[in-house]
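# Commentary on secondary and tertiary structure
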Amino acid sequence: MFDLVIPCAGKGSRLGKFTQNITKNMVIVNNISLFEHQINSFASCKKKINFIYIILGYKSKKLKSFISSLNLPFKFKFYTNKDYFKSECGGSLKKILNKLKNNTIIINSDLILENKKIHHIFNNKHQNFFYARKRKDNIKKRKIGARVINKKIVKIDTLEKDSNLEVVGPFKINKKAIKKLKLIVRKISKKELAKISCFSLLGKLSSDVRFKYGLIKDKEWYEINTKKDYFNATRVSYLNAKK
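Presented here is a report on the structure given in the accompanying data block. Position labels on residues start from 1 in each chain and follow its written sequence. A pLDDT threshold of at least 70 governs which residues receive local features in this predicted model, and a stricter bar of 80 or more applies before side-chain atom pairs are shown or counted, although totals over entire chains, interfaces and linings include all residues. Side-chain descriptors were evaluated using all non-hydrogen atoms of the structure, hydrogens and water having been removed beforehand.

### Some remarks on the environment of Leu181
Heads up, the rule is: The helix and strand labels rest on DSSP assignments: H or I over at least four residues marks a helix, E over at least two residues marks a strand, and numbering proceeds from the N terminus. Only heavy atoms enter the contact rule, under which two residues are in contact if any of them lie within 4.5 Å.
The residue Leu181 is located in helix α5 (residues 175-186) in this model. The sequence separation of Leu181 and Gly203 amounts to 22 residues, and the corresponding C-alpha distance is 9.7 Å. Sequence-distant contacts of Leu181, defined by excluding residues within four places in its chain, comprise Leu93, Leu97, Leu201, Leu202 and Leu205.

And the structure:
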């Protein structure tokens, strides 16, 4: 069984007017909310999911109420990052680390993958795994990179010249890796942690954990960060769900 973690604390300010009164997850994309699109992609693996941990922040009560009203076939647990307005995702992830007891999948709240790619995360043999793309200078360029030497990942952090890959996610980590991550977080100051993204924080495991990665094509994943992403979503086949 796996736990699924979805950090949803951010304001989604790059979506402008779309998130003035609701969270990014509640924005309607092709008839249903972004949150529903993401959760629907996990439907075929629901028997392997123990709990879904939602980290709230911006419009926390509204998002919690919205998710609860959907009557989805999953067990949700909600936690709030009250410092969301002055912290990155790493600060949100810290809020629930001590709650995680199972192998865990951590996914950005605006990242949606084709169902077959989700299925592969749950069913491949690798206990510590993430998806990455080959480096490309296009609209889908990522902020986090991975350095690979002789097929071994030696570094995951902010994209640099020596990064061979761009990290897409989500991350799958086992119970041993979670324990190591807890130790790492204890050594990071609150001020420093507030500046770290979730994927950069998870990348700090790369010196102790042997991550495996799978290459993912741009057509197999989509992320909505900006208004342009929102309007382009109509062209994505796996985002054309009906209510």
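### So, the state of the cysteines
What counts here: Here, two cysteine sulfur atoms that lie within 2.5 Å of each other are counted as a disulfide. Throughout, exposure labels follow a simple rule: accessible area from a 1.4 Å probe, protein chains only, divided by the maximum for the residue type, with under 20% read as buried, over 50% as exposed, and the rest as partly exposed.
Tallied over the full model, the rule gives one disulfide. The residue that forms a disulfide with Cys89 is Cys198, at a sulfur-sulfur distance of 1.8 Å. In this structure the cystine formed by Cys89 and Cys198 twists about its S-S bond by roughly -70 degrees; its chirality is therefore left-handed. With Cys89 in helix α3 (residues 89-94) and Cys198 in helix α7 (residues 198-203), this residue pair connects regions lying 109 residues apart in the sequence. Judged on exposure class, the residue Cys89 and its partner Cys198 are both buried.

### As for the pairing of strand β10 (residues 152-158)
In plain terms, the rule: Strands are treated as partners if at least two bridges between them are detected by DSSP.
The pairing of strand β9 (residues 144-149) with β10 spans six bridges and is classified as antiparallel. What sits directly across from Ala146, in β10, is Ile156. Two successive antiparallel strands, β9 and β10, enclose a turn made up of two residues, where Asn150 displays a positive phi of approximately 55 degrees.

### Remarks on unusual backbone geometry
Peptide bonds are, in most cases, trans, and in most cases residues other than glycine have a negative phi. Of note, the amide linkage connecting Gly169 to Pro170 takes the cis form, showing an omega dihedral of -5 degrees. Relative to the helices and strands, Pro170 is located in strand β11 (residues 165-173). The phi angle at Asn150 is positive, at roughly 55 degrees, despite the residue not being glycine. Considering the arrangement of structural elements, one finds Asn150 in the loop between β9 and β10. When its relative accessible area of 73% is taken as the criterion, Asn150 is described as exposed.

### Concerning the nonpolar core
Where we set the bar: To form a nonpolar core, buried Ala, Val, Leu, Ile, Met, Phe, Trp, Tyr and Cys residues must be joined to one another through side-chain atoms within 4.5 Å.
By size, the foremost hydrophobic cluster in this structure holds 36 residues, and its most contacted members are Phe130, Ile156, Leu202, Leu205 and Phe211. Residue assignment for this core shows that the elements contributing at least two residues are β4 (49-56), α3, β8 (129-134), β9, β10, β11, α5 and α7. Sorting elements by how many residues they give to this core places α5 first, with five residues. Among residues more than four places away in sequence, those in contact with Phe211 are Asn128, Phe129, Phe130, Ile153, Ile156, Phe171, Lys172, Ile173, Leu202, Leu205 and Ser206. Ranked by size, the runner-up nonpolar core spans 32 residues in total, among them Phe35, Ile54, Leu70 and Trp221.

### Some thoughts on the pairing of strand β1 (residues 2-7)
Of all six residues in β1, six are buried; the element is thus mostly enclosed. Side chains Phe2, Leu4 and Ile6 project from β1 onto one buried face, and the interleaved Asp3, Val5 and Pro7 project onto a second face that is buried too. Where β1 lies against β4, five bridges are found, and the strand directions are parallel. If you follow Phe2 over to β4, its bridge partner there is Ile49. Where β1 meets strand β6 (residues 103-106), four bridges bridge the pair, whose relative direction is parallel.

### Digging into a positive patch on the surface
The line we're drawing: Put simply, a patch holds well-exposed residues, over 30% relative accessible area, that have no salt bridge, with like charges counted together within 9 Å and Val, Leu, Ile, Met, Phe, Trp or Tyr side chains within 5 Å. In short, Shrake-Rupley with a 1.4 Å probe defines the accessible areas, and a residue's cover is counted only from the protein chains shown. Any carboxyl oxygen of Asp or Glu that lies within 4 Å of a side-chain nitrogen of Lys or Arg is treated as forming a salt bridge with it. Only four residue types enter the tally: Lys and Arg on the positive side, Asp and Glu on the negative side, with His and both chain ends excluded. Charge positions come from single atoms, namely NZ of Lys, CZ of Arg, CG of Asp or CD of Glu.
Side chains of Lys125, Lys151, Lys152, Arg210 and Lys212 sit close together on the surface and give a patch of like positive charge. Mapping Arg210 onto the fold places it in the loop between α7 and β12 (212-215). Judged by its relative accessible area of 54%, Arg210 falls in the exposed class.

### Concerning helix α4 (residues 115-123)
Which entries qualify depends on this criterion: Here, the arc refers to the directions that run from the helix axis to the C-beta atoms.
Residues Lys117, Ile118, Ile121 and Phe122 constitute the buried set of α4. For α4, the arc enclosing every buried residue in end-on projection is 140 degrees, short of the 170-degree limit, so these residues lie on one face.

### Focus: the environment of Lys155
Where we set the bar: Polar contact is defined as a pair of N or O atoms within 3.5 Å, subject to the rule that within protein one atom must be able to donate a hydrogen and the other to accept it, and that residues adjacent in sequence are counted only when both atoms are side-chain atoms.
With respect to the secondary-structure elements, Lys155 resides in strand β10. Note: C-alpha distance between Lys155 and Ser207 (52 residues apart in sequence) is 7.3 Å. Those residues within four positions of Lys155 in sequence are excluded, and the remaining contacts are Gly145, Ala146, Arg147, Glu160 and Ser206. Polar contacts involving the side chain of Lys155 include one to the side chain of Glu160, which spans 3.1 Å.

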